[in-house]
Amino acid sequence: MPDQERVIRIRRPYLDLIAAGTKTIEVRVGYPGMRKIHPGQLLVFESGDARYRTRVTEVVEYPSFDEMLDAEDLEAIGSEGMSRAELLAACREIYPLEKERLGVLAIHLRLAP
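Predicted model only: the values in this text are computed from it and were never measured. (Residues numbered from 1 in each chain as written. Predicted model: local features only at pLDDT ≥ 70, side-chain atom pairs only at ≥ 80, totals over all residues. Heavy atoms only, no water.)

Visitor: Where do I start with helix α4 (residues 84–94) in this structure?
Guide: Residues spaced three or four apart along an α-helix face the same direction, because each turn holds 3.6 residues. Of the residues making up α4, those classed as buried are Leu87, Leu88, Ala90 and Cys91. Viewed along the axis of α4, the buried residues span an arc of 160°, placing them on a single side of the element. Among the exposed residues of α4, those oriented more than 90 degrees off its buried face are Ala85 and Glu93. In this structure, the buried residues of α4 make contact with α1 (12–20), β2 (25–29), α2 (65–71) and α3 (74–77). (Buried < 20%, exposed > 50% of the residue type's maximum accessible area, 1.4 Å probe, protein only. Helix = DSSP H or I, 4+ residues; strand = E, 2+ residues; numbered from the N terminus. Arc of directions from axis to C-beta. Contact = heavy atoms within 4.5 Å.)

Visitor: Please explain the pairing of β2 as it appears in this structure.
Guide: Moving residue by residue along a regular strand, the side chains alternate between the two faces of the sheet. Here β2 lies mainly inside the structure; five of its five residues are buried. In β2, alternate side chains face the same way, and those of Ile25, Val27 and Val29 on one face and Glu26 and Arg28 on the other are all buried. Pairing of β2 with strand β5 (residues 104–111) involves five bridges; the strand directions are antiparallel. Bridged to glutamate 26 within β5 is isoleucine 107. (Pairing = 2+ DSSP bridges.)

Visitor: Can you walk me through the nonpolar core in this structure?
Guide: Side chains that are nonpolar tend, in soluble globular proteins, to be buried together. The biggest cluster of nonpolar side chains holds 16 residues, and the ones touching the most others in it are Val27, Phe65, Met68 and Ile77. Elements represented by at least two residues in this core include exactly β2, β4 (50–62), α2, α3, α4 and β5. Excluding residues that lie within four positions of it along the chain, methionine 68 makes contacts with Val27, Tyr62, Ile77, Cys91, Val104 and Ala106. Counting 13 residues, the second-largest nonpolar core is a separate cluster that includes Ile8, Leu43, Ala50 and Leu105. (Core = buried A, V, L, I, M, F, W, Y, C linked by side-chain atoms within 4.5 Å.)

Visitor: What should I look at first to understand the sheet that holds strand β3 (residues 42–47) in this one?
Guide: Remark on secondary structure: sheet strands pair via backbone hydrogen bonds, oriented parallel or antiparallel. Pairing is mixed in the open sheet, where five strands are placed in the order β1-β3-β4-β5-β2. Both edges of this open sheet fall to β1 (6–9) and β2, since each of them pairs with a single strand only. Each strand of the sheet is rotated relative to its neighbour by a mean of 40°, with strand direction disregarded. The sheet contact formed by β1 and β3 spans four bridges and is parallel. Within β3, the position partnered with arginine 9 by the bridge is glutamate 46. (Axes fitted to C-alpha atoms, helices over the stretch in contact; angles between N-to-C directions.)

Visitor: Quick question: what am I supposed to make of the packing of aromatic side chains here?
Guide: For any pair of aromatic rings, the description consists of the separation of the ring centres together with the inter-plane angle of the planes. Overall, the coordinates contain one aromatic pair when judged by the stated rule. A ring pair is formed by phenylalanine 65 and tyrosine 95, whose centres lie 6.3 Å apart and whose planes are at 25°; its orientation type is stacked. With a gap of 30 residues between them, phenylalanine 65 in helix α2 and tyrosine 95 in the loop between α4 and α5 (97–100) connect regions that are remote in the sequence. (Phe/Tyr/Trp six-rings, centres within 6.5 Å; stacked < 30°, edge-to-face > 60°.)

Now the structure itself:
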């Protein structure tokens, strides 16, 4: 049985970056449901009435946001020109330390038709 599309809510500025094709890595923490995401899966990101389909190309797990930011392309995670410190602050604003301890997932994406 083929995978069904999974809908994931996202803040509008980040959805706009996905739509523009500049945000190709979505960062999430290791909730059990997020750990089920796998390469080839279709994810639909939505904010309000805007929706964009993507296909997962890779999922990489890290023990912390720091380690993820050391290894991944910063511009693929956030908007152009965001510093590492700004990205780290944005991640920690969304996910407090107790959530970060679940592990950090870098979900690599490409827009899907």
